[in-house]
Amino acid sequence: MIPAGEACEMTSLGLCEPGFACTSPAQLPTCDPAGQDGCCARLCMLDVATECADGETCLAYAPPLDYVLPADLAHIGVCVPS
């Protein structure tokens, strides 16, 4: 399992720790993708603000590369620093 904040490949979406997904490095200022697609970030529901830690905000999930999230998952976000 790839820990939170660590570099990941989009093809390794399921290899981030449970509750995390590989997201665009543009969403995580502390992300150093080290030649990979992005970094693992905590998933959240856009309509449930309390799912992120203090100092974080739930923003719409921006997958790395040109991957497009299916419409039925548009409510999914990632916790990013505020």
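Before reading further, recall that the structure is shown in the block above.
So, here's what we can say about the structure. What you see is a predicted model, and the numbers here were worked out from it, not measured in a lab. (Residues numbered from 1 in each chain as written. Predicted model: local features only at pLDDT ≥ 70, side-chain atom pairs only at ≥ 80, totals over all residues. Heavy atoms only, no water.)

### Re the nonpolar core
Phase 1: Listed in full, the ten residues of the largest apolar core are Met-10, Ala-21, Leu-28, Cys-31, Cys-39, Ala-41, Tyr-61, Ile-76, Val-78 and Val-80.
Phase 2: Of all the elements in the fold, those that place two or more residues in this core are β3 (38–45) and β5 (76–81).
Phase 3: It is β5 that provides the largest number of residues to this core, a total of three residues.
Phase 4: Ignoring any residue separated from it by four or fewer positions in sequence, one finds Val-80 in contact with Gln-27, Leu-28, Gly-55, Glu-56, Thr-57 and Leu-59.
Phase 5: Counting residues in each nonpolar core, the second largest holds six residues, with Cys-8, Cys-16, Phe-20 and Cys-22 among its members. (Core = buried A, V, L, I, M, F, W, Y, C linked by side-chain atoms within 4.5 Å. Buried < 20%, exposed > 50% of the residue type's maximum accessible area, 1.4 Å probe, protein only. Helix = DSSP H or I, 4+ residues; strand = E, 2+ residues; numbered from the N terminus. Contact = heavy atoms within 4.5 Å.)

### Examining unusual backbone geometry
Phase 1: Phi is positive for Ala-34, close to 50°, though the residue is something other than glycine.
Phase 2: As for its placement among the helices and strands, Ala-34 is situated in the loop between β2 (20–23) and β3.
Phase 3: In this structure Ala-34 comes out as exposed when scored by relative accessible area, which is 58%.

### Topic: the state of the cysteines
Phase 1: Scanning the entire structure with this criterion turns up five disulfides.
Phase 2: Disulfide partner of Cys-8: Cys-22, at an S-S distance of 2.1 Å. The chirality of the disulfide connecting Cys-8 with Cys-22 is right-handed, given an S-S dihedral of about 100°. Pair noted here: Cys-8 is in strand β1 (residues 7–8) and Cys-22 is in strand β2, with a separation of 14 residues, a long-range link. Across this residue pair, the class does not change: Cys-8 and Cys-22 are buried. (Disulfide = S-S within 2.5 Å.)

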